[in-house]
Amino acid sequence: MHEEREVVVLRYGHRPGRDDRMTTHVGLTARALGADRVIFPDNAGQSAETVRDITDRFGGPFAVELRADQKAIVRNWDGVVVHLTMYGERVQDVEGDVREDVRAGNEDLLVVVGGEKVPWALYERADYNVGVTNQPHSEVAGLAVFLDRLFDGEELEREWTDADRRVVPEATGKTVVDADGDAGVVDADGDAGSVHADESVD
Ligand SMILES: C[S@@+](CC[C@H](N)C(=O)[O-])C[C@H]1O[C@@H](n2cnc3c(N)ncnc32)[C@H](O)[C@@H]1O
(Lines give C-alpha, C1' and ligand atoms only; values in the text may rest on other atoms or scores of the structure.)
Protein backbone atom coordinates (compact mmCIF):
# COMPACT_ATOMS: atom_id res chain seq x y z
CA MET A 1 0.00 0.00 0.00
CA HIS A 2 2.90 2.38 -0.39
CA GLU A 3 2.49 4.47 -3.57
CA GLU A 4 2.77 8.23 -2.85
CA ARG A 5 1.29 8.08 0.63
CA GLU A 6 3.78 8.61 3.41
CA VAL A 7 4.06 6.40 6.47
CA VAL A 8 5.75 8.37 9.24
CA VAL A 9 6.75 7.07 12.68
CA LEU A 10 6.76 9.52 15.58
CA ARG A 11 8.79 8.66 18.66
CA TYR A 12 6.84 10.44 21.40
CA GLY A 13 9.15 11.38 24.28
CA HIS A 14 12.81 10.56 24.83
CA ARG A 15 14.96 10.49 27.97
CA PRO A 16 18.58 11.10 26.89
CA GLY A 17 20.87 8.37 28.17
CA ARG A 18 18.17 6.00 29.32
CA ASP A 19 16.23 5.82 26.02
CA ASP A 20 19.08 6.26 23.52
CA ARG A 21 19.21 2.67 22.38
CA MET A 22 15.44 2.23 22.27
CA THR A 23 14.93 5.43 20.28
CA THR A 24 17.65 4.40 17.82
CA HIS A 25 15.95 1.03 17.41
CA VAL A 26 12.59 2.69 16.78
CA GLY A 27 14.27 4.53 13.90
CA LEU A 28 16.08 1.47 12.54
CA THR A 29 12.91 -0.61 12.72
CA ALA A 30 10.84 2.09 11.02
CA ARG A 31 13.42 2.20 8.21
CA ALA A 32 13.84 -1.55 7.82
CA LEU A 33 10.13 -2.32 7.86
CA GLY A 34 8.85 0.12 5.28
CA ALA A 35 8.16 3.53 6.86
CA ASP A 36 9.27 6.58 4.87
CA ARG A 37 10.37 8.79 7.73
CA VAL A 38 10.90 8.89 11.47
CA ILE A 39 10.48 11.93 13.70
CA PHE A 40 12.44 12.01 16.95
CA PRO A 41 12.18 14.56 19.75
CA ASP A 42 14.88 17.21 19.40
CA ASN A 43 16.83 15.85 22.39
CA ALA A 44 17.48 12.58 20.52
CA GLY A 45 20.22 13.89 18.23
CA GLN A 46 22.52 10.95 18.86
CA SER A 47 19.88 8.45 17.76
CA ALA A 48 19.12 10.53 14.67
CA GLU A 49 22.81 10.48 13.73
CA THR A 50 23.00 6.70 14.05
CA VAL A 51 19.91 6.10 11.91
CA ARG A 52 21.16 8.54 9.25
CA ASP A 53 24.51 6.80 9.21
CA ILE A 54 22.88 3.39 8.68
CA THR A 55 20.74 4.87 5.89
CA ASP A 56 23.85 6.32 4.21
CA ARG A 57 25.54 2.94 4.32
CA PHE A 58 22.68 0.51 3.72
CA GLY A 59 20.37 2.64 1.59
CA GLY A 60 17.04 4.35 1.56
CA PRO A 61 15.08 6.34 0.84
CA PHE A 62 14.44 7.09 4.49
CA ALA A 63 14.39 10.43 6.30
CA VAL A 64 15.11 11.28 9.93
CA GLU A 65 13.80 14.49 11.48
CA LEU A 66 14.33 16.10 14.87
CA ARG A 67 11.37 18.15 16.08
CA ALA A 68 10.53 19.86 19.34
CA ASP A 69 6.79 20.06 18.76
CA GLN A 70 5.58 16.48 19.28
CA LYS A 71 2.15 17.54 20.52
CA ALA A 72 1.58 19.86 17.58
CA ILE A 73 2.69 17.24 15.06
CA VAL A 74 0.00 14.89 16.31
CA ARG A 75 -2.63 17.59 16.71
CA ASN A 76 -2.11 19.01 13.23
CA TRP A 77 -1.46 15.78 11.33
CA ASP A 78 -3.31 15.87 8.02
CA GLY A 79 -4.09 12.18 7.71
CA VAL A 80 -4.63 9.09 9.82
CA VAL A 81 -3.07 8.80 13.30
CA VAL A 82 -2.38 5.39 14.83
CA HIS A 83 -1.15 5.31 18.43
CA LEU A 84 0.41 2.03 19.54
CA THR A 85 -0.51 1.20 23.12
CA MET A 86 -1.12 -1.95 25.11
CA TYR A 87 -4.57 -0.55 25.99
CA GLY A 88 -5.69 -0.22 22.38
CA GLU A 89 -7.91 -2.25 20.07
CA ARG A 90 -6.42 -5.50 18.84
CA VAL A 91 -4.21 -5.01 15.80
CA GLN A 92 -5.74 -8.02 14.09
CA ASP A 93 -9.19 -6.41 14.43
CA VAL A 94 -8.33 -2.97 13.05
CA GLU A 95 -5.46 -3.43 10.58
CA GLY A 96 -7.89 -3.70 7.65
CA ASP A 97 -9.72 -0.52 8.67
CA VAL A 98 -6.46 1.41 8.98
CA ARG A 99 -5.33 0.25 5.53
CA GLU A 100 -8.72 1.13 4.09
CA ASP A 101 -8.75 4.63 5.65
CA VAL A 102 -5.29 5.35 4.31
CA ARG A 103 -6.15 4.05 0.85
CA ALA A 104 -9.66 5.47 0.55
CA GLY A 105 -8.70 8.95 1.68
CA ASN A 106 -5.28 8.78 0.02
CA GLU A 107 -4.02 9.83 3.43
CA ASP A 108 -0.60 9.92 5.03
CA LEU A 109 -0.27 7.77 8.14
CA LEU A 110 1.36 8.80 11.41
CA VAL A 111 2.30 5.91 13.70
CA VAL A 112 3.03 7.10 17.23
CA VAL A 113 5.06 5.08 19.72
CA GLY A 114 5.63 6.24 23.27
CA GLY A 115 8.48 5.98 25.69
CA GLU A 116 7.54 7.03 29.17
CA LYS A 117 3.92 7.98 29.80
CA VAL A 118 2.15 9.64 26.88
CA PRO A 119 -0.50 12.36 27.41
CA TRP A 120 -4.16 11.42 27.42
CA ALA A 121 -4.74 13.88 24.57
CA LEU A 122 -2.87 11.45 22.31
CA TYR A 123 -5.40 8.70 23.03
CA GLU A 124 -8.17 11.14 22.17
CA ARG A 125 -6.62 12.54 18.99
CA ALA A 126 -5.61 9.14 17.60
CA ASP A 127 -7.94 7.72 14.98
CA TYR A 128 -6.88 4.30 16.23
CA ASN A 129 -5.34 3.26 19.54
CA VAL A 130 -3.85 -0.10 18.61
CA GLY A 131 -2.56 -2.88 20.83
CA VAL A 132 -0.16 -5.49 19.53
CA THR A 133 -1.48 -7.91 22.11
CA ASN A 134 -2.83 -6.21 25.22
CA GLN A 135 0.28 -7.12 27.13
CA PRO A 136 3.03 -4.68 28.11
CA HIS A 137 6.15 -4.98 25.95
CA SER A 138 8.18 -2.57 23.87
CA GLU A 139 7.69 0.17 21.30
CA VAL A 140 10.16 -1.55 18.98
CA ALA A 141 8.31 -4.86 19.01
CA GLY A 142 4.92 -3.15 18.69
CA LEU A 143 6.12 -1.05 15.77
CA ALA A 144 7.62 -4.04 13.95
CA VAL A 145 4.48 -6.13 14.15
CA PHE A 146 2.22 -3.20 13.28
CA LEU A 147 4.22 -2.24 10.16
CA ASP A 148 4.40 -5.82 8.98
CA ARG A 149 0.61 -6.12 9.36
CA LEU A 150 0.06 -2.76 7.66
CA PHE A 151 2.14 -3.71 4.62
CA ASP A 152 0.97 -7.29 4.69
CA GLY A 153 4.56 -8.51 4.52
CA GLU A 154 5.33 -6.69 1.26
CA GLU A 155 7.96 -4.54 2.99
CA LEU A 156 10.17 -7.63 3.22
CA GLU A 157 10.65 -7.54 -0.57
CA ARG A 158 11.70 -3.92 -0.67
CA GLU A 159 14.64 -2.76 -2.79
CA TRP A 160 17.08 -0.17 -1.36
CA THR A 161 18.58 2.70 -3.32
CA ASP A 162 21.84 4.63 -2.86
CA ALA A 163 23.34 1.97 -0.64
CA ASP A 164 27.10 1.59 -0.27
CA ARG A 165 26.79 -1.99 0.77
CA ARG A 166 24.46 -4.92 0.76
CA VAL A 167 24.24 -8.01 2.95
CA VAL A 168 24.30 -11.30 1.09
CA PRO A 169 21.71 -13.56 2.70
CA GLU A 170 23.24 -16.91 3.47
CA ALA A 171 22.71 -19.84 5.78
CA THR A 172 26.01 -19.34 7.56
CA GLY A 173 28.47 -16.45 7.46
CA LYS A 174 28.34 -12.65 7.47
CA THR A 175 29.04 -11.40 3.98
CA VAL A 176 28.59 -7.80 3.00
CA VAL A 177 29.42 -6.65 -0.53
CA ASP A 178 29.57 -3.34 -2.35
CA ALA A 179 26.05 -2.45 -3.39
CA ASP A 180 27.12 -2.87 -7.03
CA GLY A 181 27.72 -6.46 -6.10
CA ASP A 182 31.04 -6.88 -7.83
CA ALA A 183 33.46 -4.38 -6.40
CA GLY A 184 34.94 -6.48 -3.63
CA VAL A 185 33.73 -7.62 -0.30
CA VAL A 186 33.41 -5.42 2.77
CA ASP A 187 32.33 -6.25 6.27
CA ALA A 188 29.58 -4.38 8.06
CA ASP A 189 32.04 -1.78 9.35
CA GLY A 190 33.33 -1.11 5.88
CA ASP A 191 36.60 -3.04 6.06
CA ALA A 192 37.73 -5.41 3.37
CA GLY A 193 36.99 -9.05 3.92
CA SER A 194 34.05 -11.20 4.85
CA VAL A 195 33.40 -12.80 8.19
CA HIS A 196 32.40 -16.42 8.43
CA ALA A 197 31.13 -18.35 11.37
CA ASP A 198 34.44 -20.04 12.02
CA GLU A 199 36.18 -16.67 12.44
CA SER A 200 33.84 -14.64 14.58
CA VAL A 201 30.35 -14.67 16.01
CA ASP A 202 29.06 -11.47 17.64
C1 LIG B 1 7.44 1.01 27.91
S2 LIG B 1 5.99 1.08 26.96
C3 LIG B 1 4.92 2.00 27.97
C4 LIG B 1 3.70 1.22 28.30
C5 LIG B 1 2.50 2.13 28.48
N6 LIG B 1 1.93 1.91 29.78
C7 LIG B 1 1.45 2.03 27.36
O8 LIG B 1 0.62 2.89 27.30
O9 LIG B 1 1.52 1.17 26.46
C10 LIG B 1 6.45 2.23 25.73
C11 LIG B 1 5.66 2.17 24.47
O12 LIG B 1 5.66 0.86 23.94
C13 LIG B 1 4.51 0.67 23.15
N14 LIG B 1 3.84 -0.55 23.59
C15 LIG B 1 4.06 -1.25 24.71
N16 LIG B 1 3.27 -2.34 24.77
C17 LIG B 1 2.52 -2.32 23.64
C18 LIG B 1 1.51 -3.17 23.11
N19 LIG B 1 1.10 -4.26 23.73
N20 LIG B 1 0.95 -2.83 21.93
C21 LIG B 1 1.34 -1.72 21.27
N22 LIG B 1 2.30 -0.89 21.71
C23 LIG B 1 2.88 -1.18 22.89
C24 LIG B 1 3.64 1.91 23.32
O25 LIG B 1 3.80 2.77 22.20
C26 LIG B 1 4.20 2.55 24.58
O27 LIG B 1 4.02 3.94 24.61
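What you see is a predicted model, and the numbers here were worked out from it, not measured in a lab.

Description of the nonpolar core
Logical step 1: Core analysis: the largest hydrophobic core is formed by 32 residues, its most contacted members being Leu109, Leu143 and Phe146.
Logical step 2: In terms of residue count, helix α6 (residues 139-150) provides more of this core than any other element does, 5 residues in total.
Logical step 3: Not counting chain neighbours up to four residues away, the residues in contact with Leu143 comprise Val9, Val26, Thr29, Ala30, Leu84, Val111 and Val113.
Logical step 4: The next biggest cluster of nonpolar side chains, apart from the first, holds 14 residues, and it includes Val8, Leu10, Ile73 and Ala126.

Describing the UniProt feature "binding site: S-adenosyl-L-methionine" (unreviewed entry) in the chain
Logical step 1: The sites that UniProt annotates as "binding site: S-adenosyl-L-methionine" (unreviewed entry) are Leu84, Gly114, Gly115, Glu116, Lys117 and Val118. Over a stretch of 35 residues, the named residues converge on one spot in the fold, their C-alpha atoms separated by at most 13.0 Å.
Logical step 2: Within the secondary structure layout, Leu84 lies in strand β4 (residues 79-90).
Logical step 3: Among residues more than four places away in sequence, those in contact with Leu84 are Val111, Val112, Val113, Val130, Gly142, Leu143 and Phe146.
Logical step 4: In this structure, Gly114 is in contact with Arg11, Tyr12 and Glu139, ignoring residues within four places of it in sequence.

Observations regarding the packing of aromatic side chains
Pairs of aromatic rings are described using the distance from one ring centre to the other and the angle between the two planes.
Logical step 1: Using the criterion set out here, one finds 1 aromatic pair in the structure.
Logical step 2: Seen in terms of ring centroids, Trp120 and Tyr123 are 4.9 Å apart; in terms of plane orientation they differ by 25°. Their pairing is stacked. In this pair, Trp120 and Tyr123 are both assigned in helix α5 (residues 120-125), 3 residues apart and thus about one turn of the helix distant.
Logical step 3: Tyr123 gets classed as buried once you look at its relative accessible area, which sits at 17%.
Logical step 4: A cation over an aromatic ring shows up here: Arg158 above the ring of Trp160, its NZ or CZ 3.7 Å from the ring centre.

Regarding the pattern of salt bridges
Logical step 1: Applying the stated criterion across every chain yields a total of 11 salt bridges.
Logical step 2: The salt bridge partner of Arg149 is Glu95, with a shortest N-O separation of 2.7 Å. Highlighted residues: Arg149 in helix α6 and Glu95 in helix α4 (residues 91-104), separated in sequence by 54 residues.
Logical step 3: On the accessibility criterion, Arg149 (35% relative accessible area) is partly exposed.
Logical step 4: According to the relative accessible area criterion, Glu95 is buried, its value standing at 13%.
Logical step 5: Salt bridges here are not isolated pairs; linked through shared partners, they connect Glu6, Arg37, Glu65, Arg67 and Asp69.

Some remarks on the site of the ligand
Logical step 1: The full set close to the ligand counts 16 residues, and Leu84, Gly114, Val132, Thr133 and Gln135 are the nearest of them.
Logical step 2: Residue His137 places a side-chain N or O atom 3.2 Å away from a nitrogen atom belonging to the ligand.
Logical step 3: At 3.2 Å, a backbone N or O of Glu139 approaches an oxygen atom of the ligand.
Logical step 4: About the coverage of the ligand: the protein hides 82% of its 540 Å² of free accessible area.
Logical step 5: Secondary structure elements with two or more residues in the shell around the ligand: β4, β5 (108-114) and β6 (128-131).
Logical step 6: Of the residues forming the shell around the ligand, the biggest block, 4 residues, is contributed by β4.

What to know about a negative patch on the surface
Logical step 1: Residues Asp148, Asp152, Glu154, Glu157 and Glu159 make up a contiguous surface patch of negative charge.
Logical step 2: Looking at the element boundaries, Asp152 is found in the loop between α6 and β7 (165-168).

Here we look at α4
Logical step 1: When the terminal C-alpha atoms of α4 are compared, their 19 Å separation across 14 residues agrees well with the 20 Å that a helix rising 1.5 Å per residue should span.
Logical step 2: Of the surrounding secondary structure, the elements contacted by the buried residues of α4 are β4, β5, β6 and α6.
Logical step 3: Asn106 sits one or two residues past α4 and shows a positive phi near 50°.

Rules used throughout
Residues numbered from 1 in each chain as written. Predicted model: local features only at pLDDT ≥ 70, side-chain atom pairs only at ≥ 80, totals over all residues. Heavy atoms only, no water. Core = buried A, V, L, I, M, F, W, Y, C linked by side-chain atoms within 4.5 Å. Buried < 20%, exposed > 50% of the residue type's maximum accessible area, 1.4 Å probe, protein only. Helix = DSSP H or I, 4+ residues; strand = E, 2+ residues; numbered from the N terminus. Contact = heavy atoms within 4.5 Å. UniProt positions renumbered as here; feature names shortened; annotations may be inferred. Phe/Tyr/Trp six-rings, centres within 6.5 Å; stacked < 30°, edge-to-face > 60°. Lys NZ or Arg CZ within 6 Å of the ring centre and 35° of its normal. Salt bridge = Lys/Arg side-chain N within 4 Å of Asp/Glu carboxyl O. Near = heavy atom within 4 Å. Polar contact = N/O pair within 3.5 Å; in protein donor to acceptor, adjacent residues only side chain to side chain. Areas by Shrake-Rupley, 256 points an atom, 1.4 Å probe, with all protein chains shown as cover. Patch = residues over 30% accessible without salt bridge, like charges linked within 9 Å, V, L, I, M, F, W, Y side chains within 5 Å. Lys, Arg positive; Asp, Glu negative; His and termini not counted. Charge placed at Lys NZ, Arg CZ, Asp CG, Glu CD. Expected span 1.5 Å × (residues − 1).

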